[in-house]
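These are the residues of each chain, in order.
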Amino acid sequence: MSTAHWMLVVGLTVRALLAQDDVPPPNDDDFIMIRTEGTDATCNTPLARRGHFSASSAYGPAKGPEHGRFNVHSQHAWSPLQSDFKQFLLVDLGEPKHLLAIVTGGRPKTSDYVLNYTMDYGESLDQMIAYADETNTPKVFPGNNNSHAVHRNDFPHPVVARFVRVNPRQWSGMIALRIELFGCDYATDIASFDGQSYIRIDLTFQPIISVVDRLHFRFKTIESEGLLIYSHGYQGDIFAVQLVRSSLILTIGLGGGKNTIVKLGSAVDDGVWHSVSIAREEYQLEAWLDGVPQVTEMEHGYFRMNLERELFIGGMLNLQQPFVKARQNFKGCMERLRFNNTNIIWQLRHFTPPGFERFGNLNFFCTDFRLDTLTFTGVDAHLKLSPLTAQHNINVSLCLRTYEVRGQILRRDFVEHGFAKVSIDRGQLKFWLQGTSLPEIHLEPFPGSMVNDGVWHCYSLAMQTNLIVQTLDEKISSTKRLLTFLPKTDYRFGASEARSEERGFRGCIRNIVTDGQMWDVASLASQTSSFVTVNDCRMRDRCTPDPCRHGGRCLQSWDEFVCDCTGTGYSGAVCKTSSLPLSCEEYHRYHPSSRSAVVHLDMDGSGDLAPFSVLCKFEPDGRTEVHVHHDSMGESVVDGFQLPASYIQTINYNATWSQLTALINQSHVCRQQGKYSCRNAKLLNTPNGPPFGLWSTRSNRLMDTWAGVSPGISACMCGLSESCYDRSRGCNCDANDDPLRAEFLVDEGWFSPKDYLPVRQFAFGDTGSLTDSKESKYTLGPLICEGSHLMDNSVTFWRQDATLRFPFTDWGQDGDLYFQFRTTVESAVFLHSRGEKDELKVTLISPTELQFYHVSGSNGPKTVSVQTTRQLNDNEWHSVLIERNRLESRLRVDGAFSSAVRTSDEVFRPLQLGGQLLVGAASDLSNGFVGCLRTLMVNGIMFDLKYLVQKGTYGIVAGCLGKCDSSPCFNGGICQERYDQYKCDCRFTAFRGPLCSDEIGAHFRAEDFVEYTLPSPISTVGERIRVAFVTSEPRGILLQVNGATGDYLTIEMSNAGTIRVAFDLGFERQEIYEESENYPNGQFHDVTVWRTNNGRTVNVQADDHEVVSRTYRIESKQDTQLNSVKTIYLGRNYSMSGREGFIGCLSRVSFDDFFILKQLFQQKPPQHVRANRRLREDWCDVQPATHPEEVIPPRPDMMMPYPLLPGEIGTQSANGNYDVFLGVLLAGVMVVVTAGGGLLFARFYALQTERTQRGQLRSSGNEPEEWEPLRADVEVELKNTPETAVSVEQGSTDL
């Protein structure tokens, strides 16, 4: 094999190794130990191989559920009878296990495998819960990319379960699945509480004084109220975990009365084990319920937790304690309770440490209690019950839980026509009674009591002759009416038989009692419909964690949630779209006539910073000022405070400090005016001090300077200019006391720079007592800021292949992206980001259509398009907002045009975009954007465009700078902006050419003339006439304008070689001479004549000479109009002989917007312009003006010759540079080949060593027994599968 062939083979091999997504497992050992970094290697055992497999259905014996395990005797996998969303594969591990990961595979040598799936788990079949992501929605695990690889997903939070149910969501071919679960045995310490028992720990022995706290435990209960953990310190510190109305509430405070309350979840009284973890580090709080995180910044007070009294577990004797909301002690079980590395239950069970006490009947086991419920999952779900003994009255009771705002709960028909029913309407219970001999009754027995809050409510109905009694949660409603009825035998719960009637109840029902008979839920399994499940209350809390932003109120139904954004100032599906301007500059863009306005600003758009009010002032010079007022705007008097800084005034602004900081950081400059007036009261006590007056900065830094002076200089403004009242002092107010001085001295100026602002506090002294002459007054103006980095953060794309790249991995569950653009192109890609499976693109499709395109894994592409009524390429600023959340994908343009696509019907997950956002073009650099772009924000965080461009970027410049900004068009040509180029519109000039600089002239002989007849006569009082010429003969008309009434205006050469302007406008003939030089000199001259002052002043200018102006006095009966202009002559007029005409070249001829020669030399000249003969177009020896040719640099990522070292510049040719480049390239190839060969050899050596060690283990009989079956499975798969096709996938989202 030649060297070239050898290099090619090695290179391709290295490339193949680097490109592999999966690593083939050589044996069972590697397969078992694949795990996420940080996973305990001792808890990584395959568990499912010993479990029992079952499934929803099977596609024949060869595809039964037993083939769902990795089996040595089968190359098959489980497949259901039908491939749909109802299918599942269930593993029973025999006992609860600690699970860390799941591995899946398809059916080898086929195209059948599962692309993604969800997973349920639990310790019993009737207590299964979905494995949830951070938004409390079922997590979608990525599956396989082919049928021969295995894919591992490590659980972000481990689970404890006996049963695991895998639900395929998407698949290739037909569903084919094999699974393995990794983890270990589960051992725990359990304590059960009966509502009277609890644990008390005396913290006086060892108080909890901590900056970092950790709490973890698991619990289960069927009670909606209960105090789990409580402790209260002497300094007001609080730590409490309690069940309130079926919700788990955490209350934590660090003293000072500032407490943080977090709702961790609701509907947790379902008899299922729930895992709770709480971590605090100073003010950062993270809490998890069943792996669903909530991150909160606590109220700032002290940062240390001080609990020195008692710590209660499970309850206490007296619940009347601060911040205790639970109405009873905890009833249920807790296990693995660890607080700051103390295993409380374990210690109490095995020995009793000092200070530990237990009260009541506390047991160290958990009685298996269940919540017997019926779940009505659909609006057609129903249940019919027939009591054993028929009664003529109605007596029924039940407990219900729902989120629905309407639905029929129960109904009992009468023998004759009529019925009695109970429904939910707008969240409240309503009772309906109807019959042939009965009046129709609609009752609202419990007005204001909402039952669709996801909490258990118990209701009863008792009807007998003339009486209706209803109860709801200890409330009673009694109604007396004249009524008789005879009910049928059956009670019907849920939907009616007739589908056209009211929709059925969706939710959970338990404790059903009819006519004194308590129904056993388990016995009702055969009587339920397909939409009713037994012993399983599957209600999902979609509002925890709260998906609504900015104070929006979350409301949910069985299927989805909605956010009520009323009163928040935000809109959109999750209340994230701000309806307020980002800055005063943006407000002025929509209100250009406003001079000042009080504006509510939202400086970070969708971010967490709350809006606040400012005063926007728009100055005539174009400046915009932002004023923030405070509570000390008026003049304040200081008297009776003698000691230095003894008078203290805190300034409270109409904004929080976070809002003020954001405003200052986004502004160019900020200032604040300060004024101190004094009478015998010193300010800074210069020159020796100490100062009597101080002020503190935003960061609480004390300053001994005054307004107008830079920090660090202890003086006032007059001290800098040595103009103080006492020149030996640094301030006017530091002058020596003069009891006889009655007037106030003043020191004033502007506080700056902005990093010190605004003023937080003032402190003054030396104002004596209330009875002496010492006194002072001070005034502090509003904080004034100018400029906006947010609106100035703009760049210009001058090249279609120019791009900016920003890190961009995940924009969250409710991500949004905002930017503004300005362009003239008809289509372009603004933004593009692409991950392994996901994609996001924002594109201008046409001048009136903008598109938001995205792909989320296997959900397929989604496109949101907006059509606008105005052009988007009009070179004006336009705003774009894209948003994607669990409900919808939305595109909003200019705040008014909007469109959305629902996402709630798909398996939602955040976009995973591979770490890079490309701005300015698609990822292949196609359809690039040219124009200006600014204010790029993701989730309220601004991307600094200018900073990146100022570091040097190809084809992009900072600011919004178009090609037309340099005025490239000459002679009044209109520049049409394209940003990457420009075009000059010469229609309204006497020129043509790419820059409107090409002369349009003609060479005239003495007999030549051009006559231009206006299409319709016009009269003027302020015309502008221009004509250029080259001649050597002092004669002839340059241009003459004739009116139908005898008025005329002529520009001609005089016999003396000067320019004469003669005119008669109806009052008398006048002449003006321009005599700056002798013009028939063969040189190019340019003459302009125009009238001003309502036609009374005539101005003449030749070349760059001074303007010759004449103003005429016009009688009252005369006018200055050039009446009924009909014809314009060039060269000579019709009355002149052929020897008197102009000889030379004329160009630039125009009369207002009439361009005579330009029209004459059109390809098809109009009939109203003619010449005595066919004239030849001439440039009059004037070369067109040009610009230097633009040098377009190549893209830096294109292949270029290797750069020369500084000492070599100029010593080699371009070919030499290319040789150097080739040499470096070949050297790089050799390095890669050598490295690849080394990697191959190292891998081969490692594999041989492992095989040798494994053989030694087998020969010695020391190989672990549990490896044998699974190793055999993998070895068989390796033998029957091509070597290059076998691999182990590692979930990219978990690494």
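A quick note: this is a predicted structure, and the numbers were derived from the prediction, not measured.

Peer 1: Let's hear about the state of the cysteines: which residues, and what values?
Peer 2: All told, the structure shown has 16 disulfides when counted by the stated rule. One disulfide bridge connects Cys548 with Cys563, the sulfur atoms lying 2.0 Å from each other. Disulfide Cys548-Cys563: torsion about the S-S bond near -90°, hence left-handed. In this pair, Cys548 sits in the loop between strand S38 (532-534) and strand S39 (553-556) while Cys563 sits in strand S40 (residues 561-564), placing the two residues 15 residues apart along the sequence. Of the two residues, Cys548 and Cys563, neither departs from the other in class, the shared state being buried. Disulfide partner of Cys670: Cys785, at an S-S distance of 2.1 Å. Taking the sign of the S-S torsion, 110° for the link of Cys670 and Cys785, the bridge is right-handed.

Peer 1: Any chance you could break down unusual backbone geometry for me, citing the residues and the numbers?
Peer 2: Pro545 follows Thr544 through a cis peptide bond whose omega is -5°. Within the element layout of this structure, Pro545 appears in the loop between S38 and S39. The linkage connecting Thr686 with the following residue, Pro687, adopts the cis geometry, with an omega of 5°. With respect to the helices and strands, the residue Pro687 is situated in the loop between strand S48 (669-679) and strand S49 (694-696). Of note, the phi angle at Thr935 is positive, near 55°, even though the residue is not glycine. Residue position: Thr935 is located in strand S65 (residues 931-938). Judged by relative accessible area, Thr935 falls into the buried class, the value being 0%.

Peer 1: An account of the confidence of the model for the protein chain is requested, with residue identities and associated values reported.
Peer 2: The predicted model of the protein chain averages 86 in pLDDT, with 88% of residues at 70 or higher. Segment residues 1-39: pLDDT under 50, and 65 contacts once partners within four positions in sequence are set aside and those in other chains are kept.

Peer 1: Can you tell me about the nonpolar core, naming the residues and giving the values?
Peer 2: Judged by nonpolar contacts, the single largest core of 49 residues is most densely connected at Tyr676, Leu683, Trp706, Phe751, Phe762 and Phe764. With 44 residues, the next largest nonpolar core counts Met1053, Phe1063, Ile1072 and Leu1130 among its residues.

Peer 1: So what's going on with the side chain of Asn873? Residues and values would help.
Peer 2: Residue placement: Asn873 occurs in the loop between strand S60 (861-867) and strand S61 (878-884). A distance of 3.5 Å separates a polar atom in the side chain of Asn873 from the backbone oxygen of Thr824. Not counting chain neighbours up to four residues away, the residues in contact with Asn873 comprise Thr823, Thr824, Val825, Glu826 and Pro847.

Peer 1: I'd love a proper account of the pattern of salt bridges, names of residues and values included.
Peer 2: Close approach of charged atoms allows side chains of opposite charge to pair. Enumeration over the complete set of coordinates arrives at 56 salt bridges. One salt bridge in this structure joins Asp213 and Arg280, with 2.7 Å as the shortest N-O distance. Taken together, the positions of Asp213 in strand S12 (residues 212-220) and Arg280 in strand S17 (residues 274-281) put the pair 67 residues apart, joining distant regions of the chain. Of the two residues examined, Asp213 and Arg280, each falls in the buried class. A single salt-bridge network, built from bridges that share partners, covers Arg549, Lys576, Asp608, Asp814 and Asp816.

Peer 1: Describe the sheet that holds strand S16 (residues 259-265), naming the residues involved and giving the relevant values.
Peer 2: Spatial ordering of the open sheet is given by S16-S15-S14-S13-S21-S10-S24, a layout of 7 strands whose pairing is antiparallel. The sheet is open, and its two borders are formed by S16 and strand S24 (356-359), each paired with just one other strand. Recorded for the sheet is a direction-independent mean angle of 15° between the axes of neighbouring strands. Where strand S10 (residues 198-202) meets S24, 4 bridges bridge the pair, whose relative direction is antiparallel.

Peer 1: Break down the packing of aromatic side chains for me, with residues and values.
Peer 2: Inspection of the entire model under this criterion finds 41 aromatic pairs. Ring pairing ties together the aromatic residues Phe641, Tyr647, Tyr676, Trp695, Trp706, Phe751, Phe762, Phe764 and Tyr778, which thus form one cluster. In this structure, Arg169 packs its charged tip against the face of Phe85, placed 4.7 Å from the ring centre. The positively charged end of Arg934 is found above the aromatic ring belonging to Trp877, 3.9 Å away from the centroid.

Definitions and cut-offs
- Residues numbered from 1 in each chain as written.
- Predicted model: local features only at pLDDT ≥ 70, side-chain atom pairs only at ≥ 80, totals over all residues.
- Heavy atoms only, no water.
- Disulfide = S-S within 2.5 Å.
- Helix = DSSP H or I, 4+ residues; strand = E, 2+ residues; numbered from the N terminus.
- Buried < 20%, exposed > 50% of the residue type's maximum accessible area, 1.4 Å probe, protein only.
- pLDDT = per-residue confidence, 0-100.
- Contact = heavy atoms within 4.5 Å.
- Core = buried A, V, L, I, M, F, W, Y, C linked by side-chain atoms within 4.5 Å.
- Polar contact = N/O pair within 3.5 Å; in protein donor to acceptor, adjacent residues only side chain to side chain.
- Salt bridge = Lys/Arg side-chain N within 4 Å of Asp/Glu carboxyl O.
- Pairing = 2+ DSSP bridges.
- Axes fitted to C-alpha atoms, helices over the stretch in contact; angles between N-to-C directions.
- Phe/Tyr/Trp six-rings, centres within 6.5 Å; stacked < 30°, edge-to-face > 60°.
- Lys NZ or Arg CZ within 6 Å of the ring centre and 35° of its normal.

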